[in-house]
Amino acid sequence: MARNPERRAALVDAGVEVLAREGARGLTFRAVDVEAGVPVGTASNYFTGRDDLLRQIDARLHVRLAPDPEVLRELMTRPRDRSLVTAFMHDLMARATGDRTGYLALLEMRLEATRRPELRASFTKSVRGDLEYGMEFHRDAGLPGGDETVAVLYLTMLGLILEHLTLPGVLDGVLPGITVPEGLVERIVTTVVPEA
């Protein structure tokens, strides 16, 4: 197994690009090599197989889509109320749209997990860990609402992001006078999160 960490990272990011563009069926070592601009056969020197590549893509997506620590630090200086939750949801939406490729690859991982039990187990664990972390963060930060609030926010924001990134026309004008996605984020938080 090759040990160049920069090359491995570039190959994983190339895998993210291929996965987002071609879906899991198009995610081959050859396609990753072409996307990364490296000689054919390079990816096979860095990953033991497709499952290994998918696991590393999963880990990389968690890094790519994670909140910026500086943004998080700034947000945490604000009062712990509904407006702060709104700011967090706007940040989430901005990260999803800012790395559209990464988020689409994450959606492709979900689809592939429905076909591959071994991926389903590891991907379920990582996504469930993210949800549990969100609940813990919400509680520790003293934000309004509890675990149920976080679970409902998770589900509604997931739906909004899915529609906005894949079929944005579905949401345009669905609620007159509400902008997409910003106004919908505001409406979701107002509906789901109790007043402080």
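Up top you'll find the structure we're talking about.
Treat the numbers as computed from the prediction; the structure is a model and nothing was measured. (Residues numbered from 1 in each chain as written. Predicted model: local features only at pLDDT ≥ 70, side-chain atom pairs only at ≥ 80, totals over all residues. Heavy atoms only, no water.)

### Points about helix H5 (residues 82-98)
Quick reminder of the rule: Under the scheme used here, helices are H or I runs from DSSP no shorter than 4 residues and strands are E runs no shorter than 2 residues, and both carry numbers assigned from the N terminus. In this scheme, a helix's expected span is set at 1.5 Å multiplied by one less than its residue total. Three labels apply to residues, based on accessible area from a 1.4 Å probe with only protein chains included: buried if under 20% of the type maximum, exposed if over 50%, partly exposed otherwise in between. Any two residues whose heavy atoms approach within 4.5 Å are treated as being in contact.
For H5, spanning 17 residues, the distance from its first C-alpha to its last is 24 Å, which sits close to the expected 24 Å at 1.5 Å a residue. Within H5 the residues assigned to the buried category are Arg82, Leu84, Val85, Thr86, Ala87, Phe88, Met89, Asp91, Met93, Arg95 and Ala96. Elements that come into contact with the buried residues of H5 comprise helix H4 (69-75), helix H6 (100-115), helix H7 (117-141), helix H8 (147-166) and helix H9 (182-192).

### With respect to the side chain of Thr86
Counting through the fold element by element, Thr86 comes out in helix H5. For Thr86, a relative accessible area of 9% gives the class buried. Look past the residues within four positions of Thr86 in its chain and what remains in contact with it is Val185, Glu186 and Val189.

### Considering the pattern of salt bridges
Operational definition: Between Lys or Arg on one side and Asp or Glu on the other, a salt bridge is scored when a side-chain nitrogen of the former is within 4 Å of a carboxyl oxygen of the latter.
Taken as a whole, this structure holds 16 salt bridges when the rule is applied. One salt bridge in this structure joins Asp13 and Arg64, with 3.2 Å as the shortest N-O distance. Residue Asp13 is located in helix H1 (residues 5-22), and its partner Arg64 is located in helix H3 (residues 50-64); the two are separated by 51 residues in the primary sequence. Of the residues examined, Arg64 reaches a relative accessible area of 22% and is grouped as partly exposed. A salt bridge links Arg21 to Glu22; the nearest nitrogen and oxygen atoms lie 3.1 Å apart. Via salt bridges that share partners, Arg50, Asp51, Glu112, Arg115, Arg116 and Glu118 belong to a single interconnected network.

### Concerning the packing of H6 against H7
Stated precisely, the cut-off is as follows: A fitted line through C-alpha atoms represents every axis, and for helices the fit uses only the stretch in contact; the resulting angles, taken between N-to-C directions, go from 0 to 180 degrees. Note on terminology: angles under 35 degrees are roughly parallel, angles over 145 are roughly antiparallel, angles of 65 to 115 are roughly perpendicular, and the others are oblique. For any helix crossing, the convention is left-handed if the near helix is rotated counterclockwise from the far helix by under a right angle, and right-handed if that rotation is clockwise. Nonpolar residues are Ala, Val, Leu, Ile, Met, Phe, Trp, Tyr, Cys and Pro. Charged residues are Asp, Glu, Lys and Arg, and all others, Gly as well, are polar.
Here H6 crosses H7 at 135 degrees, and the two axes come no closer than 7 Å. In terms of their interaxial angle, H6 and H7 are classed as oblique. For the crossing formed where H6 meets H7, the hand is left-handed. Here Leu106, Met109, Arg110, Glu112, Ala113, Thr114 and Arg115 of H6 come into contact with H7, specifically with Pro117, Leu119, Arg120, Phe123 and Val127. Looking at the contact of H6 with H7 residue by residue, the classes come out as seven nonpolar, one polar and four charged.

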